[in-house]
Amino acid sequence: MKRRDFVHYAAGAAFGVGGVMTGAFSPATAQASGSDERLGGIYQLQAAFHRAKTTQDIDLMMSLWHPDGVLMVQGDANSPYSGFDRLRTFWLGSGSFTHRRVSLVPSFKIQIDAHGNRAFLYFECHDVGNFDLADRSIASDTFLAGRISRVEDRWVFVEMTAGRAFPLSVDTYYFP
């Protein structure tokens, strides 16, 4: 790609991202309310979550949670998982940390409703097993949704619910 083409591409991408971050798209696309600064940090939290799962980086995953964070997993008799130790044990036993996967998110389904240092966040994770092999397949479809907070200039998960995002749907949200 020539530098001139890259500059045009980057300008178009920035315009598109700006539209999502200011909520300028229709309700069928990503929904976000709040300032650009807050929204950028929330998008970074969501991206870091998927990076932690994909790279099986438990330290990164735990850095995304409030020390007193709570994860409620629908259909899991051991749920809720409260506090650092229980959350860490949950993630280390999850499919993302016991199997090699790449975790993807349909960005158009992300929902953010930010007010000050608190926000509601919804996103889905579609994990692909054997992602670099010919026999790759969808390993799991889940959502994560709930309350996040900004603590010391960064967003963290505080009280989240996880569950199945099945069947796959363009316009179905699985929580609340």
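Above this text is the structure in question.
Residues numbered from 1 in each chain as written. Predicted model: local features only at pLDDT ≥ 70, side-chain atom pairs only at ≥ 80, totals over all residues. Heavy atoms only, no water.

Undergrad: Requested: an account of the overall build of the protein, with residues and values cited.
TA: For the protein, the helix and strand inventory stands at five helices and eight strands. Listing every helix and strand of the protein by position from the N terminus yields α-β-α-α-β-β-α-α-β-β-β-β-β. Residue burial in the protein is summarised as follows: out of 176 residues, 40% are buried. In the protein, the share of contacts with a sequence separation of at least 24, taken over all contacts with a separation of at least 6, comes to 54%. Here the protein has roughly 9800 Å² of accessible surface; of this, 57% comes from carbon and sulfur atoms. (Helix = DSSP H or I, 4+ residues; strand = E, 2+ residues; numbered from the N terminus. Buried < 20%, exposed > 50% of the residue type's maximum accessible area, 1.4 Å probe, protein only. Contact = heavy atoms within 4.5 Å. Areas by Shrake-Rupley, 256 points an atom, 1.4 Å probe, with all protein chains shown as cover.)

Undergrad: Talk me through unusual backbone geometry; I want residue IDs and the actual numbers.
TA: Phe-166 connects to Pro-167 through a cis peptide bond whose omega is 0°. Mapped onto the fold, Pro-167 is located in the segment after β8 (154-164). Here the residue pair Phe-175 and Pro-176 is connected by a cis peptide bond, since its omega of 0° sits within 30 degrees of zero. With respect to the element layout, Pro-176 can be found in the segment after β8. Unusually for a residue other than glycine, Asn-130 sits at a positive phi of about 50°. Among the secondary structure elements, Asn-130 is positioned in the loop between β6 (118-129) and β7 (137-151). Residue Asp-153 is not a glycine yet carries a positive backbone phi of 70°. For Asp-153, a relative accessible area of 74% gives the class exposed.

Undergrad: I'd like a description of the layout of surface pockets, backed by residues and values.
TA: Using a probe with the size of a water molecule, rolled over the atoms, empty space left in the structure can be pinpointed. Empty space within the largest pocket amounts to approximately 310 Å³. Forming the boundary of the largest pocket are 18 residues, of which Phe-90, Trp-91, Ser-94, Thr-142 and Ala-162 lie nearest the centre. Listing elements by their share of the lining of the largest pocket, those giving two or more residues are α2 (36-55), α4 (83-93), α5 (95-98), β6, β7 and β8. Per element, the largest residue contribution to the lining of the largest pocket is four residues, and it comes from β7. (1 Å grid on protein atoms, 1.4 Å probe; cavity = no way out; pocket = protein on both sides within 12 Å on 5 of 7 lines; lining within 4 Å. Points joined across faces, edges and corners; volume = space filled by probe spheres on them.)

Undergrad: A description of the side chain of Ser-140 should follow, citing residues and the corresponding values.
TA: Tracing the chain through its elements places Ser-140 in strand β7. Beyond its immediate chain neighbours, meaning those up to four positions away, Ser-140 contacts Arg-101, Cys-125, His-126 and Asp-127.

Undergrad: Explain the environment of Gly-163 residue by residue, including any values.
TA: In this fold, Gly-163 is placed in strand β8. C-alpha separation for the pair Gly-163 and Phe-143, spaced 20 residues apart in sequence, amounts to 5.6 Å.

Undergrad: Break down the nonpolar core for me, with residues and values.
TA: Phe-49, Trp-65, Leu-71, Trp-91, Leu-121, Ile-148 and Phe-157 are the most contacted members of the largest nonpolar core, which has 32 residues in total. Of all the elements in the fold, those that place two or more residues in this core are α2, α3 (58-63), β2 (65-73), α4, β5 (111-115), β6, β7 and β8. No other element matches the seven residues that α2 contributes to this core. Once residues within four sequence positions are removed from consideration, Ile-148 is found in contact with Ile-42, Leu-45, Asn-117, Arg-118, Ala-119, Leu-121, Trp-155, Val-156, Phe-157, Val-158 and Met-160. Among the nonpolar cores identified, the runner-up in size contains five residues, and Tyr-122, Phe-143, Ala-145 and Tyr-174 belong to it. (Core = buried A, V, L, I, M, F, W, Y, C linked by side-chain atoms within 4.5 Å.)

Undergrad: Could you give an account of the pattern of salt bridges, naming the residues involved and the relevant values?
TA: Pairs may arise between side chains of opposite charge once their charged atoms sit close together. Per the stated rule, a full pass over the model turns up six salt bridges. Measuring nitrogen to oxygen at the nearest pair gives 3.8 Å for the salt bridge that ties Asp-59 to Arg-88. With Asp-59 in helix α3 and Arg-88 in helix α4, this residue pair connects regions lying 29 residues apart in the sequence. Overlapping salt bridges, with partners in common, bring together Lys-53, Arg-101 and Asp-127 in one network. (Salt bridge = Lys/Arg side-chain N within 4 Å of Asp/Glu carboxyl O.)

Undergrad: Pulling in residues and values, what's your account of the packing of aromatic side chains?
TA: What characterises a pair of aromatic rings is the spacing of the ring centres plus the angle enclosed by the ring planes. Counted by the stated rule, this structure contains 11 aromatic pairs. Ring geometry for Phe-49 versus Phe-157: centroids 5.6 Å apart, planes at 75°, classification edge-to-face. Here Phe-49, found in helix α2, pairs with Phe-157, found in strand β8; they are 108 residues apart in sequence, far enough to count as distant. Judged by relative accessible area, Phe-49 falls into the buried class, the value being 2%. (Phe/Tyr/Trp six-rings, centres within 6.5 Å; stacked < 30°, edge-to-face > 60°.)

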